[in-house]
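Structure at a glance
Here are the chains, one letter per residue:
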Amino acid sequence: AAARGATESKTATMPKALAGGVWLEVDVSEARSLMAADKNGLSDPWAGVELAPDTGGNALKGASYKTKPQKRTLNPKFGESFTLGAAVADDAKLAAATVRVRVLDYDGPMSAGAPLGEVAMPLSRLLASAGAHGWFPLAACDKATEAAAGALGELRLSVRVGGAAALQAALDAAGEKQAEQAAKA
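Okay, the sheet that holds strand 7 (residues 114-122) next. One open sheet holds the four strands; their spatial order is 4-3-6-7, and the pairing between them is antiparallel. Whereas interior strands pair on both sides, the edge strands pair on one side only; in this sheet they are strand 4 (64-66) and strand 7. On average, adjacent strands in this sheet sit at an angle of 15 degrees to one another, irrespective of strand direction. Pairing between strand 3 (residues 45-52) and strand 4: three bridges, direction antiparallel. Opposite glutamate 50, over in strand 4, you have serine 64 as the bridge partner.

Here we take up the layout of surface pockets. Of the volumes computed, that of the second largest pocket is approximately 150 Å³. Residue lining of the second largest pocket: Trp46, Gly48, Val49, Glu50, Ser64, Tyr65, Lys66, Arg100, Arg102 and Leu104, and that is the complete set. Counting only elements with at least two residues in the lining of the second largest pocket, the list comes to strand 3, strand 4 and strand 6 (98-105). Per-element tally for the lining of the second largest pocket: the top contributor is strand 3, with four residues. For the lining of the second largest pocket, the class distribution of residues is four nonpolar, two polar and four charged.

The rules we used
- Numbering of residues starts from 1 in every chain and runs along the sequence as written.
- Where totals are concerned, whole chains, interfaces and linings use all residues; where local detail is concerned, this predicted model gives features only for residues with pLDDT of at least 70, and gives and counts side-chain atom pairs only at 80 or more.
- Side-chain numbers come from the whole structure's heavy atoms, not from hydrogens or water.
- By the convention used here, strands pair only if DSSP detects at least 2 bridges between them.
- Think of it this way: any DSSP run of H or I at least four residues long counts as a helix, any run of E at least two long counts as a strand, and we number them from the N terminus.
- Note on method: axes are straight lines fitted to C-alpha atoms, helices fitted across the in-contact stretch only, with angles between N-to-C directions ranging 0 to 180 degrees.
- Both cavities and pockets are sets of points on a 1 Å grid over the protein atoms alone; in a cavity a 1.4 Å probe fits but cannot get out, in a pocket the set is open with protein on both sides within 12 Å along at least five of seven lines, and lining residues sit with an atom within 4 Å of a point.
- Grid points are joined across faces, edges and corners, and a volume is the space filled by probe spheres set on the points.
- Each residue gets one label: Ala, Val, Leu, Ile, Met, Phe, Trp, Tyr, Cys and Pro are nonpolar, Asp, Glu, Lys and Arg are charged, and the others, such as Gly, are polar.

Shown next as structure tokens:
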């Protein structure tokens, strides 16, 4: 177990499609001012980190992680880090991929948990800026969070991109394919 205050790291084996040295490291540090989901006026938040083919899509195979739940708090300290990769054969899917961090309330091992909000970052934007760091407002991710859209809280994240040159080449190739298809149409 990691010492209190230290960042715990979980690293995935890089899948073949991203084996050219491409990786995304997502540090989920903490959240503040989360929405209360429990009767006691608090929440038991945890965060799910995934690489999704687009903002609303499911996680790509092999690219989903969860933090440990933090009990009875609206200001959790997660302190966990994850290295993401995905087995993606289709460059267009990779070009449209999004790093999504969804915060949920833990309701036990047999429950998916009540959504508290999410941060979605397009991979193309992360590549252009070599990552992202700071506090990000949580956005609504279901009907319950839409009702409280202005008061969902914030999530402190750091996303680093490694091997971006190889990934940028794949994204450029996908863009060229789309341009060719549009010219033929």
